[in-house]
Amino acid sequence: MAKELWKGNEAIAEAAIRAGCRCYFGYPITPQSEIPEYMSLHMPKAGGVFLQSESEIAAINMVYGASGAGARVMTSSSSPGVSLKQEGISYMCGAELPGVIVNVMRGGPGLGTIQPAQGDYFQATRGGGNGDYRLIVFAPANIQEVVDLMQEAFELADQYRMPVMMLLDGMIGQMMEPIEWKKPPVSPDDLPAKPWATTGTKEGRAPNIINSLFIDPEACNVHNQRLEEKYRRVIENEQRYETNDTDGAEVIFVAYGTPARLARAAAGLLEKEGIKAGVFRPVTVWPYPYEALHEVAIQDSVKVVVTVEMSTGQMVDDVRIGVNGVKPVSFIGQAGGVIPTPREVANAALKALGR
Amino acid sequence: MAIVYQRSKGLTDVETHYCPGCTHGIIHRLVAETLEELDILGKTIGVAPVGCSVFAYDYFNCDMQEAAHGRAPAVATGIKRVLPDKVVFTYQGDGDLAAIGTGEITHAAMRGENITTIFVNNAIYGMTGGQMAPTTLVGQRATTAPLGREKSHAGSPIRIAELLATLDGAAYIERVTVTSPANVMRAKRAIRKAFELQLEGRGFTMIEVLSTCPTNWGLTPVKALEWLNENMIPVFPLGVYKDITKEEA
Ligand SMILES: Cc1ncc(C[n+]2csc(CCOP(=O)(O)OP(=O)(O)O)c2C)c(N)n1
Ligand code: SF4
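A quick note: this is a predicted structure, and the numbers were derived from the prediction, not measured. Counting restarts for each chain, with residues numbered from 1 along the sequence as it is written. In the order they appear in the text, chains get letters beginning with A and ligands get numbers beginning with 1. Local features in this predicted model are restricted to residues whose pLDDT is 70 or higher, and side-chain atom pairs enter the listing and the counts only when it is 80 or higher, whereas totals over whole chains, interfaces and linings include all residues. Hydrogens and waters are ignored; side-chain quantities use all the structure's heavy atoms.

The next point concerns the overall build of chain A. Helix numbers and strand numbers start at the N terminus; a helix is a DSSP run of H or I with at least 4 residues, a strand a run of E with at least 2. Within chain A, the secondary structure is distributed over 13 helices and 15 strands. For a compact globule the rule gives 2.2 Å times the number of residues to the power 0.38, and the radius of gyration it is set against comes from C-alpha atoms. Against the 2.2 N^0.38 benchmark of 20 Å for 355 residues, chain A shows a C-alpha radius of gyration of 21 Å, consistent with a compact globule. For every residue, the accessible area obtained with a 1.4 Å probe (protein chains only) is divided by the maximum for its type, and the residue is called buried under 20%, exposed over 50%, and partly exposed between those limits. For chain A, buried positions account for 59% of its 355 residues. Counting only contacts in chain A whose residues sit at least 6 apart along the sequence, the fraction spanning at least 24 positions is 81%. The accessible surface values rely on the Shrake-Rupley method and a 1.4 Å probe; as for residues, cover is taken only from the protein chains in view. Entry remark: accessible area of chain A is about 13500 Å², with carbon and sulfur atoms responsible for 52%. We treat Lys and Arg as the positive residues and Asp and Glu as the negative residues; His and chain ends play no part in the count. A charge is said to be at NZ when it belongs to Lys, at CZ for Arg, at CG for Asp and at CD for Glu. Here chain A holds 32 positive side-chain charges and 41 negative ones, and the gap between their average locations is 2 Å. We call two residues in contact whenever any of their non-hydrogen atoms come within 4.5 Å of each other.

Following this line, the structure appears as structure tokens:
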């Protein structure tokens, strides 16, 4: 099939519609406003629901209601807006509601900047809302991967009855790349049935209840243990990652999203200087591919593991957990919308090597 | 022998947890009877709030969702947009709707969201133990206003029915109470009218019901009814604040 040139934000919106999503609620914020803009035109054309809400809080709660009513539904925002969604995300996890949440990250904290950043890693992977809950978090590094993962995001959300987050940095939302639509579009009519949804009893069954309240401590504990068991199944089955030239490498860069591309460029620079470097890229940042990273880091050839982020160092905590002390872990990153250059990244590796 | 009174089919047989004399129970029954009489129990999805009526999801005999504090109108919007042919209602207290959820209720009304809201105004935060609500009367004591609400400090009560009636999207807004059999009948008619208009697709409907909280008011159930009549009604006058069927006539 011929390649088409797509902007990241528009591609993610189109990919959602092709994944059978027929329901979008959102509130404008840079650098993701092209998503609601695209949805406002194309969702109704696909026979779906588009609604611009009064806030991100309202949007995520509309997602809650629509998901509880059985719809394949999504919302999108950027960092400050995703902060406002945390309440609803926690409630969706508690009530076991599927849905996809896109975060096109910008610099923070607070109002920060509209430029690309990765400062919401902790919020995405550790949870910014209350309670013991997890999200499946995909962190694609190019627009092809964004559209390839979108269908899977909705499928996993339905399969596990939990929200899935697409964690993009603003660079991926804003840039254009040639992509291919590899998977055939999904029809909403072909989606698996949701017998738990509140669609009206027709007085033929007992009422369905969507709820996250378990007032009795024992019942709440049982509920939490059941969720935890589900999360363990996710950890076992849904880790995704990619490696580039990591076999026999001296330097292992670990990065997700845009920094993974910078790390590839930095590895190229090192190669020219006679140093073999590879890139380990988690595609899911929760569940994090700890064992796979450990396997790469433990190779005899590896001298240093260098984490690259557009933040002051968040994923590096997971890298340390994965590497688990078998090799030194160092960090290079810029925050607030400043993007490290490949040269800076390569120099960080040289410094870690003591050269 | 003729049956003159029995549990409405709109209610499950779960025993409610409401305090003795609390009028939440009467309001539940009026909503349940309405759903039964209009024969819409099988196509109704209710949204419970956070507040004393949080367990409403166990009491109404229809599909239910439990919303975060104040967010019921957004949750109801999500449901209704996906299932436009179903009947969707929210049941919310005054802390839920008139404090933390003012954004959600206002915009649902503004959009003319075709849902029905039952707004239970008891001038206090019941569930959390009698703290001041935005509807608490000036001078009324609350656990966070131990000397009574002071206007210079906390303002005066918010009148939601009047406020939402200014919005074009609101189709029907009435304030009622349930302090006497006659008032209960009037409240029932109002609730029924709201659901009927929803069935006709007319837009946002809200019935504000002045309700008692004997426990946190520190009054007996009977005294609480009297206190409501004497003190709340002058501040929150009963009546129809918006009726698009009249405007059209
Ligand atoms: C986000 C959040 N803030 C606060 C609370 C605590 N809380 C529970 S119910 C309630 C007030 C309920 O009062 P109201 O809506 O008037 O209902 P009532 O109990 O009087 O029927 C509050 C503040 C909460 N559950 N969630
Ligand atoms: S605390 Fe007040 S509102 Fe709550 S159930 Fe008791 S009387 Fe009713």
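Turning our attention to helix H3 (residues 56-68) of chain A. Residues and elements named next belong to chain A. Its 13 residues place the ends of H3 18 Å apart at the C-alpha level, agreeing with the 18 Å of an ideal helix rising 1.5 Å per residue. Here a polar contact is taken to be a pair of N or O atoms separated by no more than 3.5 Å, where protein atoms must pair a possible hydrogen donor with a possible acceptor and residues adjacent in sequence count only if both atoms sit in side chains. Two to three positions downstream of the cap, the backbone nitrogen of Ile57 sits 3.3 Å from a side-chain oxygen, assigning the N-cap of H3 to Ser55. Taken from the residues just after H3, Gly70 is the one with a positive phi, measuring 100°. Here the expected length of a helix is defined as 1.5 Å per residue gap, with one fewer gap than residues.

With that settled, consider the site of ligand 1. Residue and element names in this part refer to chain B. Consider each residue's heavy atoms; a residue with any of them within 4 Å of a molecule or strand counts as near. Looking at ligand 1, there are 16 residues lining it, with Cys52, Asp94, Gly95, Asp96 and Gly126 nearest. Here His24 contributes a side-chain N or O atom positioned 3.0 Å from an oxygen atom of ligand 1. The contact in question runs from an oxygen atom of ligand 1 to an N or O atom on the backbone of Cys52, over 2.8 Å. When ligand 1 sits alone it has 590 Å² of accessible area, and the protein chains cover 76% of it. Ranked by residues supplied to the shell around ligand 1, first place goes to helix H4 (residues 94-100) with four residues. Gly is put with the polar residues, along with every residue not named as nonpolar or charged; the nonpolar set is Ala, Val, Leu, Ile, Met, Phe, Trp, Tyr, Cys and Pro, and the charged set is Asp, Glu, Lys and Arg. Class assignment for the residues of the shell around ligand 1 results in six nonpolar, eight polar and two charged.

Attention shifts here to the sheet that holds strand S1 (residues 44-48) of chain B. The eight strands are arranged S9(A)-S2(B)-S1(B)-S3(B)-S4(B)-S6(B)-S5(B)-S7(B) in an open sheet whose pairing can be described as mixed. Across the chains shown, the open sheet's two edge strands, defined by having one partner strand only, are strand S9 (209-210) of chain A together with strand S7 (239-243) of chain B. In this sheet, strand S6 (residues 204-210) of chain B lies alongside strand S5 (residues 170-177) of chain B in parallel orientation, the contact comprising seven bridges. Of the residues in S6(B), the one forming a bridge with B:Ala170 is B:Phe204. By the convention used here, strands pair only if DSSP detects at least 2 bridges between them.

Residue and element names in this part refer to chain B. In the neighbourhood of ligand 2, the contacting residues comprise Tyr18, Cys19, Cys22, His24, Cys52, Asn122, Gly126, Cys213, Pro214, Thr215 and Asn216. Counting residues per element, the shell around ligand 2 draws most heavily on helix H9 (residues 214-217), at three residues. In the shell around ligand 2, the residues fall into six nonpolar, five polar and no charged.

This part takes up the pattern of salt bridges. Close approach of charged atoms allows side chains of opposite charge to pair. We count a salt bridge whenever a side-chain nitrogen from Lys or Arg sits within 4 Å of a carboxyl oxygen from Asp or Glu. Per the stated rule, a full pass over the model turns up 37 salt bridges over all chains. Here A:Glu34 and A:Lys7 are joined by a salt bridge, their closest N and O atoms 3.0 Å apart. Placement of A:Glu34 in helix H2 (residues 34-45) and of A:Lys7 in strand S1 (residues 4-7) is noted, with a sequence separation of 27 residues between them. Neither residue differs from the other here; A:Glu34 and A:Lys7 are each classed as buried. Residue A:Lys182 is joined to A:Asp148 by a salt bridge in which the shortest nitrogen-to-oxygen separation is 3.2 Å. On the criterion of sequence distance, the pair formed by A:Lys182 in the loop between strand S8 (176-179) and S9 and A:Asp148 in helix H7 (residues 143-160) is long-range, its members being 34 residues apart. Here the salt bridges do not stand alone but share partners, grouping B:Arg29, B:Glu33, B:Glu37, B:Lys188, B:Arg192 and B:Glu196 into one network.

The next thing to look at is the environment of A:Leu227. All names here are of chain A. When you line up the elements, Leu227 lands in helix H9 (residues 217-237). Between the alpha carbons of Leu227 and Tyr160 there is a distance of 9.8 Å; along the sequence they are 67 residues apart. Residues within four places of Leu227 in sequence aside, it is in contact with Cys93, Glu96 and Asp132.

Before going further, it helps to spend a moment on the interface of chain A and chain B. Note: interface size is frequently given as the accessible area lost on complex formation between the parts. Facing the 34 residues of chain A at the interface are 35 residues of chain B. We define buried area as the total accessible area lost by two parts upon association, computed with a 1.4 Å probe and summed across both. Surface buried jointly by chain A and chain B totals about 2600 Å² across both partners, of which 59% is contributed by carbon and sulfur atoms. Connecting chain A to chain B are four salt bridges. B:Lys9 is paired through a salt bridge with A:Glu203; the nearest N and O atoms lie 3.8 Å apart. Counting every contact that joins chain A to chain B gives 16 residue pairs in polar contact (both at pLDDT 80 or more). Taken together, the elements giving at least two residues each to the side of chain A that touches chain B come down to strand S2 (23-26), strand S3 (49-52), H3, helix H5 (86-95) and S9 of chain A. Residue composition of the side of chain A that touches chain B, grouped by class: 19 nonpolar, ten polar and five charged.

Moving on: empty space enclosed by the protein. Regions of empty space are outlined by a rolling probe, equal in size to a water molecule, passed over the atoms. Residue and element names in this part refer to chain A. Cavities and pockets were defined on a 1 Å grid built from protein atoms only: a cavity is a group of points that admits a 1.4 Å probe but offers it no way out, a pocket is an open group of points flanked by protein on both sides within 12 Å along at least five of seven lines, and a lining residue is one with an atom within 4 Å of any such point. Grid points are joined across faces, edges and corners, and a volume is the space filled by probe spheres set on the points. If you walk through the whole model with that rule in mind, you get two cavities of 30 Å³ or more. Computed from the structure, the largest cavity encloses a volume of approximately 110 Å³. Here the residues of the lining of the largest cavity sort into five nonpolar, one polar and five charged. Within this model, the second largest cavity holds a volume of roughly 30 Å³. In terms of lining residues, the second largest cavity is bounded by Ser67, Ala71, Arg72, Val73, Pro98, Gly99, Phe154, Ala157, Asp158 and Lys194. Counting residues per element, the lining of the second largest cavity draws most heavily on H7, which supplies three residues. Residue composition of the lining of the second largest cavity, grouped by class: five nonpolar, two polar and three charged.

Residues and elements named next belong to chain A. Sheet analysis places strand S14 (residues 304-309) next to strand S15 (residues 329-333), joined by five bridges and oriented parallel. Counted as the bridge partner of Thr307 is Phe331 from S15. If you view a crossover with the strands going away from you and the path from the first strand over the helix to the second runs clockwise, you call it right-handed. Read from S14 through helix H12 (residues 316-323) to S15, the crossover connection turns out right-handed.

Time to look at unusual backbone geometry. Residue and element names in this part refer to chain A. Residue Thr30 is joined to Pro31 through a cis peptide bond whose omega torsion reads 5°. For Pro31, the position within the fold is in the loop between S2 and H2. Residue Pro109 is reached from Gly108 by a cis peptide bond, and omega for that bond is -5°. Checked against the element boundaries, Pro109 lands in the loop between strand S5 (99-105) and helix H6 (121-126).

This part is about the confidence of the model for chain B. Low-confidence regions, as indicated by low pLDDT, have predicted coordinates that should not be scrutinised in detail. As a per-residue quantity, pLDDT reports the predictor's confidence and falls between 0 and 100. Residue-level pLDDT values for chain B average 97, and 100% of them are 70 or greater. Overall fold confidence (pTM) sits at 0.98, and the ipTM for the predicted complex is 0.97.

Residue and element names in this part refer to chain A. Note that domain bounds follow an automatic or database assignment of domains. By domain assignment, chain A separates into domain 1 (4-237) and domain 2 (242-352). Each partner contributes residues to the interface: domain 1 has 33 residues there, and domain 2 has 26 residues. Surface buried jointly by domain 1 and domain 2 totals about 2400 Å² across both partners, of which 57% is contributed by carbon and sulfur atoms. The interface formed by domain 1 and domain 2 contains three salt bridges. A salt bridge links Arg281 to Glu145; the shortest N-O distance between them is 2.8 Å. On the surface where domain 1 and domain 2 come into contact, there are 14 residue pairs in polar contact (both at pLDDT 80 or more). Among the secondary structure elements, those contributing two or more residues to the side of domain 1 that touches domain 2 are H6, strand S6 (136-138), H7, strand S7 (163-169), helix H8 (170-174) and H9. Residue contributions to the side of domain 1 that touches domain 2 peak at four residues, all from H6. A class-by-class count of the residues in the side of domain 1 that touches domain 2 yields 20 nonpolar, seven polar and six charged.

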